[in-house]
Amino acid sequence: MEPPTDLLDEILCRLPVKYLLRCRCVSKGWCSLIDSTPFVKKHLNKALECNAGGLIINEGGKFYLAEDFNSDLDGSDDNVDVVAAEITRPLKTRVSGANFVGSANGLVCVSKNKMNEFFIFNPATRKSRKIPSAPREFPLSFHMTETSLCGFGYDQVNDDYKVVKIAECYLQFRGIMAFVYSLKTDSWKRIQNVPSNTRFTGNWGMFGNGALHWLAIKNPANCIEIVVGFDLGLEQFKEVPFPVIEGPFVNFNTRSLVSDGSSLCVLDMYPNSRIDVWVMMNNSGEENLWSKALSVDKHGMPGFSRFVRPVHISWSSQSVLLEIDSSRLVWYDLERKMVKNVKVRGITNQFDSHMYTQSLIQLDEDNQLQKPSHDKPPKEQQKRRDDFLSRGFKLSI
């Protein structure tokens, strides 16, 4: 005798994706429930609340997955042991040699062939889709880096997933050209109103607060640092001012962006001094747009004077995942002021790492995408973040 549907729903939505895929074989009723849009939405929100994330690692064009990456984070050990397994065929063939573009709601976007080929896949279900090439008028040569800028995120207004491709070109004209791809319509279109007199300083757009963000310099002659955002719902660019920085000037080489999946964070590194992390609040006005989450003193902390890239901020465990010199990972506990080294078994060379949320979102062959809508982060996740920021942490390690 099966449990009531509502009770079964509550039990199953707490299981990892790999077990749910097996549960689909139990009966037609279970399969119908697990594949339903309300259940996919509920499972995703539960995964976000519980911080049930995985780690995707790119080692020289080979992609590895470390599932249930946060499962040992609350343990008492000083080290976290993680096993990374290489993605197998047929997905391996598609993503081999690709670069990571972004992730949202469990879907990951990668690019190949100088960002002229794009693939979207779900690491948990191993399903993938190749998206059409950008329109022919998109230039093949670019003024700055011979590659374009790119980003991937979720448009909650239109319940859609979008890829944004930007370049400063010099063949057809001088200026910025931008296109956006919609997974719902399976097509590209050109964005007309693009930033002027602005130079982007990073290739990959960071998704947060419903928009993709890039570090940039406005009026390059005067080196005015800004964040350029592209609102995925309105499909418009916007300028986001930086938080007011106290102390010496920080150039863009020591500044980076990170996201927790909903909020955008700016990380400022002061060489041989400290690291400041600022969080963008969920409001559209410029007043109180940023809140300083933490200030970490780097004195006496070996390794933090080298190249540090933020990978993820976990509000549930109040920790920051940092990638150091593209060769090792550490969790920094914001509350207990402790560092946990992450040992990734199976990875021997330099790599870049990214977090993703495990979800059941399916990429079907008929291009009907099963997409849960949610207007804001789950209440528990939002509460943890707000509680943490309200305490105004000032940390030294």
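Note: the structure precedes this text.
A short tour of the structure in this document, coming up.

Parameters and conventions
Residues numbered from 1 in each chain as written. Predicted model: local features only at pLDDT ≥ 70, side-chain atom pairs only at ≥ 80, totals over all residues. Heavy atoms only, no water. Helix = DSSP H or I, 4+ residues; strand = E, 2+ residues; numbered from the N terminus. Buried < 20%, exposed > 50% of the residue type's maximum accessible area, 1.4 Å probe, protein only. Contact = heavy atoms within 4.5 Å. Areas by Shrake-Rupley, 256 points an atom, 1.4 Å probe, with all protein chains shown as cover. Phe/Tyr/Trp six-rings, centres within 6.5 Å; stacked < 30°, edge-to-face > 60°. Core = buried A, V, L, I, M, F, W, Y, C linked by side-chain atoms within 4.5 Å. Pairing = 2+ DSSP bridges. Salt bridge = Lys/Arg side-chain N within 4 Å of Asp/Glu carboxyl O.

### Comments concerning the overall build of the protein
When its secondary structure is counted, the protein shows six helices and 27 strands. Considering the protein as a whole, with its 397 residues, one finds that 53% of them fall into the buried category. Counting only contacts in the protein whose residues sit at least 6 apart along the sequence, the fraction spanning at least 24 positions is 56%. Per element, the accessible surface of the protein, about 18,500 Å² overall, is 49% carbon and sulfur.

### Regarding the environment of F100
With respect to the helices and strands, F100 occurs in strand 5 (residues 99-104). On the accessibility criterion, F100 (8% relative accessible area) is buried. Expressed as a C-alpha distance, the spacing of F100 and F119, which sit 19 residues apart in the sequence, is 10.0 Å. Non-local contacts of F100, meaning those with residues more than four positions away in its chain, are made with I56, N58, F63, V108, C109, V110, W204, D352 and H354.

### Observations concerning the packing of aromatic side chains
Tallied over the entire structure, the rule returns six aromatic pairs. Ring geometry for F152 against Y161: centres 6.2 Å apart, planes inclined by 15°, an arrangement best described as stacked. According to the relative accessible area criterion, Y161 is buried, its value standing at 0%. With a centroid separation of 6.0 Å and 85° between ring planes, the pair formed by F200 and W214 is classed as edge-to-face. Residue F200 is located in strand 13 (residues 198-200), and its partner W214 is located in strand 15 (residues 211-218); the two are separated by 14 residues in the primary sequence. Taken individually, F200 and W214 each receive the classification buried, so the pair is uniform in this respect. Linked through ring pairs, F118, Y181 and W188 together constitute an aromatic cluster.

### Re the nonpolar core
Counting residues in hydrophobic clusters, the biggest one holds 51 residues, and the most contacted among them are L12, F118, I120, F152, V163 and I166. If you tally residues by element for this core, the top one is strand 11 (residues 175-182), at six residues. In contact with I120, not counting residues within four places along its chain, are L107, V108, C109, K127, S128, R129, I131, F152, V163, L183 and L363. Core analysis: the second largest hydrophobic core is formed by 17 residues, Y64, V80, L329 and V342 among them.

### Structural notes on the sheet that holds strand 2 (residues 62-66)
An order of 4-2-1-26 is seen for the four strands of this open sheet, with the pairing classed as antiparallel. Edge positions in the open sheet fall to strand 4 (85-86) and strand 26 (352-357), since each of these has one partner strand only.

### Some details on the pattern of salt bridges
Inspection of every chain in the model, using the stated rule, returns twelve salt bridges. Between D9 and K42 there is a salt bridge, with the nearest N and O atoms lying 2.7 Å from each other. Taken together, the residues D9 in helix 1 (residues 5-12) and K42 in helix 4 (residues 37-49) connect sequence positions 33 residues apart. Among the residues examined, D9 registers a relative accessible area of 13% and is labelled buried. Look at K42 and you get partly exposed, because its relative accessible area is 27%. Note that E235 is salt-bridged to K189, the shortest N-O span being 2.8 Å. Here E235, found in the loop between strand 16 (224-231) and strand 17 (236-240), pairs with K189, found in strand 12 (residues 187-191); they are 46 residues apart in sequence, far enough to count as distant. Judged by its relative accessible area of 16%, E235 is buried. Within the structure, one salt-bridge network assembled from shared partners comprises D9, E10, R14 and K42.

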